[in-house]
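Analysis of the macromolecular model
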Amino acid sequence: MYFLELGGEDDAFAAREAESAAADVRPIAPGLALANAVVPERVRGLAYAHRASELLGRTDADLASARALLEAASIDRDRDATVAVRATDVHGSTGVSTECAERELGQVLVDRGFSVDLEDPDYLLRVAFSEGQFERDEDGRGDLLSNAEGGVDESVSVCALGWLAAESVRDFGTRAPTDKPFFQPGSMDPLLARAVANVAGARPGATILDPMCGTGGVLVEAGLVGADVVGTDAQAKMVDGARTNLEHFLERDEPSPTGVSRGSWHVGRGDATRLPFADGAVDGVVFDAPYGRQSKIDTHRLEDLVSGALSEARRIASRAVVVADRSWASEARQAGWNLEAAFERRVHRSLTRYVLALE
Ligand SMILES: C[S@@+](CC[C@H](N)C(=O)[O-])C[C@H]1O[C@@H](n2cnc3c(N)ncnc32)[C@H](O)[C@@H]1O
């Protein structure tokens, strides 16, 4: 069993993304989830989960309980190995001093025969304290659908302890939209782009299509986790710009920072409602529909553009993720998709972002 430290503001969305790297993910407290198994290479490519650790145990979010747990836990690590302890107080919710926790729990490990090496330990013990309101659904699982109805709110207090197994690579700041060789307003930020690419199934051996690729934000992130990527856009300017960005980020010989070979890429001009691909040609489709007045082409009304793109996506893939400033859920159902999950986040007063995961 593993515990995941989630990032971002939406645990349900973070947990859904983490399912691309872990089995049976279930949130247990704000910022924390359990999983039955993890694929370390894929954890490295997650946007909204920071770490996966092999669970030693969990208890209440106070230092005395954490200490008792660690004193009693069976530890299968070699006593010649060096260790260090790193603690976190999720969202500052528990008030536990992480410094005291690191010192006291480190001492427990020393008492149990380990030596401490703070710089370069063989094993790192992660300790995460979290408290808060938490919504459980009717099956007793954490809330995966952020708008699930009938959930039960309860107060939780959790401390999870475990050996670090994998960490995500936090290099998103190097790909801020404004720093890319080609930038246009409305480009998706790399964290969200990585997360939606992962939800759509981006991984080595998979092919991901963004039929409205714009500056190529989603394609870059999908390519960096090893997927082969294909993009189309109605505007020649975007196609040229996406090529420039993809060349810049994906045309390298060395493995990407996540440790995998970068995927191949192809971009061409095309209409998302009439795609030049065979039925079932790709594994996943992701698109970021134009927002309101922004950048739609004149030949379509926005509703027709999104409905047409959803139907084409359904024809060529078995999975899709749509990001937009409105839900488009009924259009998705009409196009033959099942709504697997829906997430909604207020970005600012006049923009709420909707993410639909479709199967
Ligand atoms: C919100 S932007 C996509 C932004 C992109 N995710 C990024 O990171 O840059 C929507 C894109 O849809 C494109 N578009 C509009 N109508 C289209 C159509 N019928 N077919 C293909 N692309 C279209 C626009 O040119 C625009 O680049």
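Owing to the predicted nature of the structure, the values given are computational and were not obtained by experimental measurement.

1. A closer look at the side chain of Ser168
- Topologically, Ser168 is positioned in the loop between strand E10 (152-167) and helix H5 (190-199).
- One polar contact links the side chain of Ser168 to the main-chain carbonyl oxygen of Ala49, over a distance of 2.9 Å.
- Among the polar contacts made by the side chain of Ser168, one reaches the side chain of Arg170 at a distance of 2.8 Å.
- With residues up to four places along the chain from it excluded, the contact list for Ser168 reads Val43, Arg44, Leu46, Ala49 and His50.

2. Things to note about unusual backbone geometry
- Even without glycine at this site, His91 takes up a positive phi of about 55°.
- Assignment of secondary structure puts His91 in the loop between strand E7 (82-89) and helix H4 (98-111).
- A positive phi angle is found at Trp328, which is not glycine, with a value near 55°.
- Take Trp328: it is sitting in the loop between strand E15 (320-324) and helix H9 (329-334).
- Look at Trp328 and you get buried, because its relative accessible area is 4%.

3. Regarding the pattern of salt bridges
- The final tally for this structure, using the stated rule, is 21 salt bridges.
- Among the salt bridges present, the one from Glu340 reaches Arg16, with a minimum N-O distance of 3.0 Å. Residue Glu340 is found in strand E16 (residues 339-348), and its partner Arg16 is found in helix H1 (residues 11-18); the two are separated by 324 residues along the sequence.
- For Glu340, a relative accessible area of 29% puts it in the partly exposed group.

4. Details of H5
- With nine of 10 residues buried, H5 is to be regarded as a mostly interior element.
- Those residues of H5 that fall on the buried side of the exposure criterion are Pro190, Leu192, Ala193, Arg194, Ala195, Val196, Ala197, Asn198 and Val199.
- Its side-chain oxygen 2.9 Å from the backbone nitrogen of Leu191, Asp189 forms the N-cap of H5.
- Looking one or two residues past H5, Gly201 carries a phi angle of roughly 105°, positive in sign.

5. Some remarks on the packing of aromatic side chains
- Counted by the stated rule, this structure contains three aromatic pairs.
- Ring centres of Phe13 and Phe343 lie 5.1 Å apart, and the angle between their planes is 50°; this geometry places the pair in the tilted category. A residue pair is termed long-range when its members are at least 10 positions apart, and Phe13 in helix H1 and Phe343 in strand E16 qualify at 330 residues. Accessibility classification places Phe13 together with Phe343 in one group, the buried group.
- Connected via pairs of aromatic rings, a cluster forms that spans Phe13, Tyr48 and Phe343.
- Lying over the aromatic face of Tyr123, Arg77 brings its terminal NZ or CZ to 4.7 Å of the ring centre.

6. Observations regarding a nonpolar patch on the surface
- A surface patch of nonpolar side chains, about 240 Å² in accessible area, is lined by Val110, Val116 and Leu118.
- Following the sequence through the fold, Leu118 ends up in the loop between strand E8 (115-116) and strand E9 (123-136).

7. Section: the state of the cysteines
- Enumeration over the complete set of coordinates arrives at zero disulfides.
- Cys100 carries a free sulfur, and the closest cysteine sulfur to it, the one in Cys159, is 14 Å from it.
- Exposure remark for Cys100: the relative accessible area of 28% places this residue in the partly exposed category.

8. Regarding the domain arrangement of the protein
- One can read the domain layout of the protein as domain 1 (2-167) and domain 2 (172-358).
- A separation of 32 Å is found between the C-alpha centroids of domain 1 and domain 2.
- Contacts between the two partners involve 18 residues from domain 1 and, on the opposite side, 21 residues from domain 2.
- The junction of domain 1 with domain 2 conceals about 1,700 Å² of combined surface from both sides, 54% of it contributed by carbon and sulfur atoms.
- Three residues stand out in domain 1 for area buried against domain 2, namely Phe13, Arg16 and Tyr48, and they jointly supply 32% of the buried area on that side.

9. Brief notes about the pairing of E7
- E7 sits mainly inside the fold: six of its eight residues count as buried.
- Alignment of E7 against E8, held across two bridges, turns out to be parallel. Bridged to Thr82 within E8 is Ser115.
- What joins E7 to E8 is H4, and the crossover it makes is right-handed.

What counts and what doesn't
Residues numbered from 1 in each chain as written. Predicted model: local features only at pLDDT ≥ 70, side-chain atom pairs only at ≥ 80, totals over all residues. Heavy atoms only, no water. Helix = DSSP H or I, 4+ residues; strand = E, 2+ residues; numbered from the N terminus. Polar contact = N/O pair within 3.5 Å; in protein donor to acceptor, adjacent residues only side chain to side chain. Contact = heavy atoms within 4.5 Å. Buried < 20%, exposed > 50% of the residue type's maximum accessible area, 1.4 Å probe, protein only. Salt bridge = Lys/Arg side-chain N within 4 Å of Asp/Glu carboxyl O. Phe/Tyr/Trp six-rings, centres within 6.5 Å; stacked < 30°, edge-to-face > 60°. Lys NZ or Arg CZ within 6 Å of the ring centre and 35° of its normal. Patch = residues over 30% accessible without salt bridge, like charges linked within 9 Å, V, L, I, M, F, W, Y side chains within 5 Å. Areas by Shrake-Rupley, 256 points an atom, 1.4 Å probe, with all protein chains shown as cover. Disulfide = S-S within 2.5 Å. Domains from an automatic or database assignment. Buried area = accessible area lost by both parts, 1.4 Å probe. Pairing = 2+ DSSP bridges. Right-handed = clockwise from strand over helix to strand, strands pointing away.

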